[in-house]
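This is what each chain is made of:
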Amino acid sequence: MPKVGDKAPEFRLKADDGKEISLAALKGKRVLLYFYPKANTPGCTVEACEFRDLRNKFEKQDVAVFGVSADAEKALAGFKKKQKLTFPLLSDPDHKMIEAYGFWRMKKFMGRSFKGIVRSTVLIGPDGKVEEVWDGVKAKGHAAEVLAEVEKS
């Protein structure tokens, strides 16, 4: 997992609209990547809607918000439409990018152990270096917590 000050791992992923988005193309912008386990699940819906509701405040801070999951583009497009999300959702079905960021790990749920996405967020500066990492967060209230930190810097 990258630490504050590290160069953020490069990525090139398809978004919910089929367009390709890369970190290199976002150079010079602050980029917020929030990683979530699965579209259309209760916690992920709460988190996505909170980021949606705060999007204008993130934009005022010149921060581009992206959701990242292993869901297929079609599932992301449906989730985005249903929840009226106003930012791109990135699809990483082979979880290479999610692994590069360190958020594809062993998890436990209802007595089962399995590999999956640990709900986490990374803020990347215009220079491509990690400014902040939130690892293993709770969905509710997380967007506001991130925004408070962004507004400080």
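Residues numbered from 1 in each chain as written. Predicted model: local features only at pLDDT ≥ 70, side-chain atom pairs only at ≥ 80, totals over all residues. Heavy atoms only, no water.

Caption draft 1: Molecular detail of the pattern of salt bridges. Overall, the coordinates contain 10 salt bridges when judged by the stated rule. Between Arg55 and Glu59 there is a salt bridge, and its shortest N-O distance comes to 2.8 Å. Remark: Glu59 and Arg55 occur in helix H2 (residues 55-60); sequence separation between them is 4 residues, near one turn of the helix. Of the residues examined, Glu59 reaches a relative accessible area of 40% and is grouped as partly exposed. (Salt bridge = Lys/Arg side-chain N within 4 Å of Asp/Glu carboxyl O. Helix = DSSP H or I, 4+ residues; strand = E, 2+ residues; numbered from the N terminus. Buried < 20%, exposed > 50% of the residue type's maximum accessible area, 1.4 Å probe, protein only.)

Caption draft 2: Inspection of the packing of helix H1 (residues 42-53) against helix H5 (residues 142-152) at higher detail. Direction vectors running N to C along H1 and H5 enclose 40°, while the axes themselves pass 8 Å from each other. With respect to each other, H1 and H5 are oriented oblique. Contacts between H1 and H5 involve Glu47, Glu50 and Phe51 on the former and, on the latter, His142, Ala143 and Val146. (Axes fitted to C-alpha atoms, helices over the stretch in contact; angles between N-to-C directions. Parallel < 35°, antiparallel > 145°, perpendicular 65-115°, else oblique. Contact = heavy atoms within 4.5 Å.)

Caption draft 3: Seen up close, the side chain of Gln83. Its location among the elements puts Gln83 in helix H3 (residues 73-83). The residues contacting Gln83, other than those within four sequence positions of it, are Thr45, Cys49 and Arg52.

Caption draft 4: Broad picture of the packing of aromatic side chains. For the coordinates displayed, the defined rule picks out 7 aromatic pairs. Note on Tyr34 and Phe87: the rings are 5.9 Å apart at their centroids and 75° apart in plane angle, and the pair reads as edge-to-face. Residue Tyr34 is located in strand S3 (residues 30-35), and its partner Phe87 is located in the loop between H3 and strand S5 (89-91); the two are separated by 53 residues in the primary sequence. In this structure, Tyr34 and Phe87 share a single accessibility class: buried. Measuring from ring centre to ring centre gives 6.1 Å for Tyr36 and Phe79, while their planes differ by 40°; the resulting arrangement is tilted. Of this pair, Tyr36 sits in the loop between S3 and H1 while Phe79 sits in helix H3; the two residues are 43 residues apart in sequence, bridging distant segments of the chain. (Phe/Tyr/Trp six-rings, centres within 6.5 Å; stacked < 30°, edge-to-face > 60°.)

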